[in-house]
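Working through the structure, step by step
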Amino acid sequence: MPWPERLLLGGIAWVFLASWAGAAAPPTAHDALVYHLHDPARFLEAGRLFWIPFTTNSVYPYHAEMLFTAALALAGRSGGAVLAAGIHWSCGVACVLAAFALARRWTDRRGARGASALVALTPGVANAMAVAYVDLALAMAAAAGALALLRWRETGRRGWLAAAGLFLGWGLATKYNGLFPGAAGALLLALPGARRRAGPAGWTLFLAAVLAVAGPWTARTWLLTRARFGAGNPVYPFAHRVFGSGFERRISDVGMGRTPAAFLLSPWNVTVHPDSFDGPGNGVGPAYLMLLPGLFLFPSAWRAARPLAAAAGVLYVAWFATGQSARFLTPCLVLAAPALVLPVRGRRWAEAALAAAFLLEAGIVGYFQHGSLALAAGRTSPAAYLARKERTHAILPALRALPPDARILTVNELRHYHLPRSAVEEGLLDQYHDAYPERCGDAGATLAFLRREGFTHLLVRTREGEAPPPAAPSGPGQVSLRALLRDEAFVARHLAPLAEARHDADPRDRTRYVLY
């Protein structure tokens, strides 16, 4: 086997190994601790699937989280978290294999391995394989749906339309972003030639398959929001002006703008400025940007892959117009990989440059997974790993000393999975409890309300360098509870500190906890 192919396979194997070490480590990823693992654990405790009070995420489509729920049921809280991350890891492996299968329609095995390596060595993909998220489950569903549609184009068998609908329905049942691959698939079927070939029976079969998987989750969200707010919203909390329930979710905080100029610069920006797109660990890496000019320089090389490239383009535009987190690009990256590698095939100078980019990306993956690799090699302990990687670990001993029936109100801390006692985040309590005053300047009324709700303790998190809110004024209904907690007179009079802990291992998130 020539050395470039050995390099590709070695890079893929390295990603599988490094990301598996991350998946086998105790969970520390933010969204996993906030809801991907936390909510399934709550479902198991209650013995039912329900809208967890004072949360938003538990009303989302949770198809992938049901697999995580099964993992927690089978292996417990610690082992189940590892098994859940392993499930997401296997979705990443499936994405790599899907890129190979898609590319094989237009190139040989060597070119297809290049498409696989392009996906696998993307830092955002490799690092996502190490955590219990759902982005790779969505990307796997999108790629499988694309494969099924291509097989339908090749064979004309309607069974492939049903398979495409099932896979794209899986994506929609996994995450609201699954709307975009589903829309891309429907657009491909709506093209004149495809529409006539599918016919009404084919369209009916495709849509029925989508609804068979996604319909129950969409109906659940609509029914829960209708019961709670009197107006059902199948994409709660988004589109609240359309459906009458929900709230404004700010999506402009991530990314670098949504102007035409920002769109033209977005491939450069998402590559060079990953911090602006939800962090360097979710980055795209340099290889995609390096390959992009080939689409314009050698258009004939990828002409046969235009339907797949068009679907990737639809996903890219949808990503740019909505939430510009780099990890939300994953379905687009998997579908774009075959078209991007086709112009490179047979051009040795381009293959050499791509190999250099792959080596750089392999190093980036190693940098982000060095802690989990050290844990897998026995060079550190799980406790030491958590102490360095997970900020809530610092306050856990104090929380374990509380009575079993203690109920904690956390302030500025959403990561509840590792907390050993029941907890609610104050901002979500404010949002969802009708009787909780939005502004709590009256200290006595605020504390009386919290006692009535069964809260026994406060856990307050502050970050180093965080600007404090103004001190609490004397009049009622003027400042938030968070401001009251910064008022020394209020704290001294009404609260008794029980414990304090600091987490300084992450210089970007130096944290201080105080338990009252």
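Computed from a predicted structure; not experimentally measured.

When the charged atoms of two side chains lie near each other, side chains of opposite charge can form a pair. Counting across every chain of the model gives 21 salt bridges. Asp135 is the salt-bridge partner of Arg327, the closest N and O atoms lying 2.8 Å from each other. A residue pair is termed long-range when its members are at least 10 positions apart, and Arg327 in the loop between α14 (306-321) and α15 (330-341) and Asp135 in helix α7 (residues 135-155) qualify at 192 residues. There is no split in this pair, since Arg327 and Asp135 are both buried.

Glancing now at the nonpolar core. Within soluble globular proteins, side chains that are nonpolar generally end up buried alongside one another. One finds Leu118, Val119, Tyr288, Leu329, Leu335 and Phe358 to be the most contacted residues of the largest nonpolar core, which totals 86 residues. For this core, the leading source of residues is helix α4 (residues 63-103), giving 16 residues. If we skip the residues at most four places from it in the chain, Leu335 touches Leu102, Ala142, Ala143, Ala146, Leu308, Ala311, Ala312 and Leu315. Counting 38 residues, the second-largest nonpolar core is a separate cluster that includes Phe54, Ala173, Ala443 and Tyr516.

On to the sheet that holds strand β1 (residues 407-411), then. A sheet is described by the order of its strands in space; here five strands give the open sequence β2-β1-β3-β5-β4, paired in mixed fashion. Looking at strand neighbours, the two that pair on one side only are β2 (422-425) and β4 (499-503), the edges of this open sheet. On average, each strand axis in the sheet is inclined to that of its neighbour by 20°, with strand direction left out of account. Bridging between β1 and strand β3 (residues 457-463) involves four bridges; their strand directions are parallel. Considered in β3, the bridge of Thr410 is made with Leu459.

Definitions and cut-offs
- Residues numbered from 1 in each chain as written.
- Predicted model: local features only at pLDDT ≥ 70, side-chain atom pairs only at ≥ 80, totals over all residues.
- Heavy atoms only, no water.
- Salt bridge = Lys/Arg side-chain N within 4 Å of Asp/Glu carboxyl O.
- Helix = DSSP H or I, 4+ residues; strand = E, 2+ residues; numbered from the N terminus.
- Buried < 20%, exposed > 50% of the residue type's maximum accessible area, 1.4 Å probe, protein only.
- Core = buried A, V, L, I, M, F, W, Y, C linked by side-chain atoms within 4.5 Å.
- Contact = heavy atoms within 4.5 Å.
- Pairing = 2+ DSSP bridges.
- Axes fitted to C-alpha atoms, helices over the stretch in contact; angles between N-to-C directions.

What is shown is where atoms sit, not what they do.
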